[in-house]
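Results of the structural survey
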Amino acid sequence: MKLSKMWLCVLVGLAGFLLAGIRMQAESAPAVPVRVNKVVIYPSGRETISQLQGQGITKVDDYGSYWVAEATDQQFEAVRSIYGSRAVLANYLNRISLRVGSIDTSSGKQFDVPPKMQESETNGRRLRIVQFKGPIQPDWLADLNRLPGLKIINYIPHNAYLVFMDAITEKQLQTLRQTGGPVQWVGPYHPYYKINTMLLGSIGVVDVNVALVDSPEGEAALKEIVSYADRSIPTPNRTLNQIMTKIRCNASVLGYLAHLPEVLWIEPVIPVKLADEVQALIVSSHTNNTTLGIGG
């Protein structure tokens, strides 16, 4: 009988030890992050946003013919059970598509940027990517334009703009990222994003097109870029907030040029080659012959 009680105590103690270990493992295990999705919903005439709020979905923007909401996986399943095919996952709205890859602004996942091709902190204005939380509404863009010293350069898919601003303006921009604000992400525009991949690894002399921000800073940077040219360059073109020029330079300076805060992109000059038969006919004026037409 004493032996049975002893074993009972041992078993109880062992069970307590095991339970304590399981509890400690559960407490120390990293929490599984809850994924938040972008969802586009196409409502019928009688459906209202308040019905979504009843599902615990509080972040909803009304675009008239559709809504854009943020919902967890569980919330999306509940919404889809109500709206069916009229509720569509739209996580592409969290993705910024660049030539060298894409950035998932909901998770921060992106392609690797070589350390030497990352942006360095600098004084004055610099390039930033600003992404809105959904398809851009006019008043959101107006809020961005009202920030002092900020210059919008061009659109980037999805729902993003490349802008030129200084550190002070960027701090003011953070007010648009507060809860309920239209901006969901702001990030650097690294030099790595600027150089066409066809130029990576180039050696020797190359002909390139370079675009800069059309601004006083861009004018100053243009003079520096011209100083690296191996021959005279044509008059720069100005269009869509950009100064575009063509230079012939050594490929070894391309990385340096990309680090200039005012440079937007660097592309190889592709020689125009007339390769097909129709082009050859046009050049030789044979299309004036009534027996030789474009159609055969």
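In the block above lies the structure referred to throughout.
This one's a predicted model, so the numbers in the text were calculated from it and none came from an experiment.

Here we take up the sheet that holds strand β1 (residues 36–41). The strand order across the open sheet formed by 4 strands is β2-β3-β1-β4, and the pairing between neighbours is antiparallel. Edge positions in the sheet fall to β2 (60–62) and β4 (87–89), since each of these pairs with one other strand and no more. Between one strand and the next, the sheet's axes are offset by a mean angle of 30 degrees, whatever the strand orientation. Along the sheet, helix α3 (residues 73–83) makes contact with β1, β3 (67–72) and β4, crossing β3 at roughly 130 degrees.

This part covers the pattern of salt bridges. Tallied over the full model, the rule gives 15 salt bridges. Of the charged contacts, one joins K59 and E70 as a salt bridge, the two residues approaching to 3.9 Å between their closest N and O atoms. One end of the pair, K59, is in the loop between α2 (49–53) and β2; the other, E70, is in strand β3, with 11 residues separating them in the sequence. The exposure class of K59 is partly exposed, given its relative accessible area of 47%. A residue is classified by how much of its surface remains accessible, and E70, at 25% relative accessible area, is partly exposed.

Turning to the nonpolar core, a few remarks are in order. Across soluble globular proteins, you tend to see nonpolar side chains buried next to one another. If you look at the biggest cluster of nonpolar residues, it comprises 41 residues, and the most contacted ones within it are I129, Y193, V208, L254 and I266. Residues in contact with L254, not counting those within four places in the same chain, are I195, L199, V206, V208, C249 and I266.

An order of β9-β10-β8-β11 is seen for the 4 strands of this open sheet, with the pairing classed as antiparallel. At either end of the open sheet lies a strand with only one pairing partner, and these are β9 (151–156) and β11 (183–188). Neighbouring strand axes in the sheet, compared pairwise and without regard to direction, differ in orientation by 25 degrees on average. Both β9 and strand β10 (residues 160–165) contribute to a ladder of 5 bridges, which runs antiparallel. Following the sheet pairing, I156 is matched in β10 by A160.

So, about unusual backbone geometry. Most of the time, phi is negative for any residue but glycine, and the peptide bond is trans. Here the residue pair P157 and H158 is connected by a cis peptide bond, since its omega of 5 degrees sits within 30 degrees of zero. Within the fold, H158 resides in the loop between β9 and β10. Positive phi, normally seen in glycine, also occurs at N241, with a value near 65 degrees. Within the secondary structure, N241 sits in the loop between β13 (237–239) and β14 (242–250).

Structurally, P216 can be placed in helix α6 (residues 216–226). The class for P216 is exposed, based on a relative accessible area of 65%. Along the sequence, P216 and E262 sit 46 residues apart, while their C-alpha atoms lie 9.8 Å from each other.

Looking now at α6. All of the buried residues along α6 are G218, A221, L222 and I225. Projected down its long axis, α6 shows its buried positions confined to an angular sector of 110 degrees, all on one face. Within α6, the exposed residues directed more than 90 degrees away from the buried face are P216 and K223.

Positionally, L212 belongs in strand β12 (residues 205–213). By relative accessible area, L212 is classed as buried at 0%. Residues L212 and L260, spaced 48 residues apart in sequence, show a C-alpha to C-alpha distance of 9.2 Å.

What counts as what
- Residues numbered from 1 in each chain as written.
- Predicted model: local features only at pLDDT ≥ 70, side-chain atom pairs only at ≥ 80, totals over all residues.
- Heavy atoms only, no water.
- Pairing = 2+ DSSP bridges.
- Helix = DSSP H or I, 4+ residues; strand = E, 2+ residues; numbered from the N terminus.
- Axes fitted to C-alpha atoms, helices over the stretch in contact; angles between N-to-C directions.
- Contact = heavy atoms within 4.5 Å.
- Salt bridge = Lys/Arg side-chain N within 4 Å of Asp/Glu carboxyl O.
- Buried < 20%, exposed > 50% of the residue type's maximum accessible area, 1.4 Å probe, protein only.
- Core = buried A, V, L, I, M, F, W, Y, C linked by side-chain atoms within 4.5 Å.
- Arc of directions from axis to C-beta.

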